[in-house]
Amino acid sequence: MRTVPHYISGKTVDGQSGRFGDIYNPSTGEVQAQVQLATQDEMSEAVAVAVAAQQGWSATNPQRRARVMFKFKELLEANMDELAAMLSSEHGKVLADSKGDIQRGLEVIEFACGIPHLLKGEYTEGAGPGIDVFSVRQPLGVVAGITPFNFPAMIPMWMFGVAIACGNAFILKPSEKDPSVPLRLAELMTEAGLPDGVLNVVHGDKTAVDAILTHPDIKAVSFVGSSDIAHYVYSNGTANGKRVQAMGGAKNHGIIMPDADMDQVIADFSGAAYGSAGERCMALPVAVPVGKDTADEFVSRMKEEVGKLKIGISTDAEAHYGPVVSSAHREKIESYIQMGVDEGAELVVDGRGHSLQGHENGFFIGPTLFDNVKPDMQSYQEEIFGPVLQVVRAENLEEAASLPSRHQYGNGVAIFTRNGLAAREFASKVNVGMVGINVPIPVPVAYHSFGGWKRSAFGDVNQHGTEGVRFYTKVKTMTQRWPSGDVDDQSFIIPTMQ
């Protein structure tokens, strides 16, 4: 059986632990490969390689580092079909979603091409008599990323693209569920001209994660995953003196005002709630229609729309979404559906037990729709991460806006309305990190920053954009004075005391 190796110092390296994780084909339910799981010692060896490589890489001038990013962008575009097929075969998302996954990562690489501009420091001439003060941004050294299964191309590139362009070396620990694309990305980076050892991919489980969190030569850790693990990574990483950004779970709400364009609302929720089988931290799994008439129309039309959705294998060009990533995850989603039933929510469409002819062992689950969900229900309070849409009815905008504001998660929220004042007030006051106005999935473009609030994010610096540059660099400030004439006649005066 094919095994997925580590990637260290510019080449694939077989692991020595003797431990492996199964990689499934979600469309068939079959084990198609195994991934090698690293020991703590193997992680340390990769870090040592990165430490040695980073010294030369940080000394490379920024525009030469950017040229590697330009070439990597070209290679991503040239290999898009290969990468998408590889991604779909291990994750299960349809090819169109896989290409979107790669494209959103590619856009961060495009941003990284211009990082030399953002690495410029500040300069003050004459801060005191003959004294100039200037600051520069310098790389941290070796940094690491721990990435989830749901975006095996985009999220690694969110991290390593910015970090490497800033002059750091990078250790990537991708999800063991779909590790082949991250490995291939590292190979393409080498082909683009990145020196050996600057980007290393080390596969593993909790052993590898803990090795990252405790290794003294790893200066910063970026994480995306569930909130409980995000809190664990943040707590342990910071306790070991590391800079940490840890993005967690979500329960994004879509507020539907009575004046909203209902045709657009239905189309937006169809894609945002069920696209990629709901396995997105920026999915839209909660609809909050305002007023009984709005709610009745939404539920009626959404039920009809759900009936049009086609679930298929990842290579089916006509499928709206494919299987979920594993049998265990399908069971978890189905348990949440049963929880909603037990709690008294109205199950309008039940997606459990979905089977695809010829692929009966695949990890498929049909679209599910709940109405009359209440805020005190556990199924509402927790992240389901599947193709399940819950409708929570509200009487007015104030009640609707209080739902995402009070929820434990604060990743994204959307409002659908023609009323500019209502949208402006809502966006200003809602206690959520990313807001969409008639935009169902408000993921910022690459030159802005991504990050939620509350239990959706731990740490105070967001992903990519200028925030990403801040995270992967440290500021050094120099105060300099060049005396002229007789040094003994020169008295030093602190600028602030002038």
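Residues numbered from 1 in each chain as written. Predicted model: local features only at pLDDT ≥ 70, side-chain atom pairs only at ≥ 80, totals over all residues. Heavy atoms only, no water.

**Q** How should a nonpolar patch on the surface be read in this particular structure?
**A** Together, M1, Y24 and V31 line one region of the surface with nonpolar side chains, adding up to about 280 Å² of accessible area. Residue placement: Y24 occurs in strand β4 (residues 20-25). (Patch = residues over 30% accessible without salt bridge, like charges linked within 9 Å, V, L, I, M, F, W, Y side chains within 5 Å. Areas by Shrake-Rupley, 256 points an atom, 1.4 Å probe, with all protein chains shown as cover. Salt bridge = Lys/Arg side-chain N within 4 Å of Asp/Glu carboxyl O. Helix = DSSP H or I, 4+ residues; strand = E, 2+ residues; numbered from the N terminus.)

**Q** Got a minute to help me understand the domain arrangement of the protein chain in this structure?
**A** Reports of interface size often rely on the accessible area that becomes lost once the parts have come together. Entries for the protein chain in the domain assignment read domain 1 (2-248 + 456-463 + 470-478) and domain 2 (253-437). Contacts between domain 1 and domain 2 engage 21 residues on the former and 25 residues on the latter. In total, domain 1 and domain 2 occlude about 1800 Å² of area from one another, counting both sides; carbon and sulfur atoms represent 59% of this. For the interface between domain 1 and domain 2, the tally reads zero salt bridges. Our enumeration of links across domain 1 and domain 2 arrives at seven residue pairs in polar contact (both at pLDDT 80 or more). Those elements that place two or more of their residues in the side of domain 1 that touches domain 2 are β4, α3 (80-91) and α4 (95-113). Within the side of domain 1 that touches domain 2, the residues separate by chemical class into six nonpolar, eleven polar and four charged. (Domains from an automatic or database assignment. Contact = heavy atoms within 4.5 Å. Buried area = accessible area lost by both parts, 1.4 Å probe. Polar contact = N/O pair within 3.5 Å; in protein donor to acceptor, adjacent residues only side chain to side chain. Nonpolar A, V, L, I, M, F, W, Y, C, P; charged D, E, K, R; others polar.)

**Q** Sorry, what's going on with the nonpolar core here?
**A** As a rule of thumb, soluble globular proteins bury nonpolar side chains together. The biggest cluster of nonpolar side chains holds 67 residues, and the ones touching the most others in it are F72, L76, I115, M157, F160, I164 and F170. For this core, the element with the highest residue contribution is helix α6 (residues 154-165), accounting for ten residues. Two domains share this core, each providing at least three of its residues, namely domain 1 (2-248 + 456-463 + 470-478) and domain 2 (253-437). Apart from the residues lying within four places of it in its own chain, the contact partners of I164 are W57, R65, M69, F170, M189, L194, V198 and L199. Within the second largest apolar cluster, 56 residues are counted, among which are I266, Y321, A414 and A423. (Core = buried A, V, L, I, M, F, W, Y, C linked by side-chain atoms within 4.5 Å. Buried < 20%, exposed > 50% of the residue type's maximum accessible area, 1.4 Å probe, protein only.)

**Q** Before we go on, may I ask you to explain the sheet that holds strand β7 (residues 131-139) in this structure?
**A** Strands belonging to one sheet form pairs held by backbone hydrogen bonds; the direction of such a pair is parallel or antiparallel. With respect to topology, three strands assemble into an open sheet ordered β6-β7-β23, the strand pairing being antiparallel. Lying at the two open borders of the sheet, with one neighbouring strand each, are β6 (122-128) and β23 (473-481). Neighbour to neighbour, the strand axes of the sheet diverge by 25° on average, direction disregarded. Bridge count between β7 and β23: nine bridges; the pairing is antiparallel. In the sheet register, I131 faces β23, and the bridge partner there is R481. (Pairing = 2+ DSSP bridges. Axes fitted to C-alpha atoms, helices over the stretch in contact; angles between N-to-C directions.)

**Q** How should I be thinking about the sheet that holds β4 in this particular structure?
**A** Pairing in this open sheet of three strands is mixed, and the strands run β1-β5-β4 from one edge to the other. Here the strands that pair on one side only, and so sit at the sheet edges, are β1 (3-4) and β4. As paired elements, β4 and strand β5 (residues 30-36) share six bridges and run antiparallel to each other. Paired with I23 across the two strands is A33, which belongs to β5. Contacts from α3 reach β4 and β5, with the element oriented near 105° to β4.

**Q** So what exactly am I meant to see when it comes to the packing of aromatic side chains here?
**A** Aromatic ring pairs are described here by two measures, namely the spacing of the ring centres and the angle between the planes. Counted under the stated rule, the structure contains ten aromatic pairs. Summarising the aromatic geometry, the rings of F149 and F385 are spaced 6.0 Å apart at their centres and angled 90° between planes, so their arrangement reads as edge-to-face. Residue F149 is found in the loop between β8 (142-146) and α6, and its partner F385 is found in the loop between α13 (378-381) and β17 (388-391); the two are separated by 236 residues along the sequence. Of the two residues, F149 and F385, both sit in the buried class. Seen in terms of ring centroids, F160 and F170 are 6.4 Å apart; in terms of plane orientation they differ by 65°. Their pairing is edge-to-face. With F160 in helix α6 and F170 in strand β9 (residues 169-173), this pair connects stretches of sequence that are ten residues apart. (Phe/Tyr/Trp six-rings, centres within 6.5 Å; stacked < 30°, edge-to-face > 60°.)

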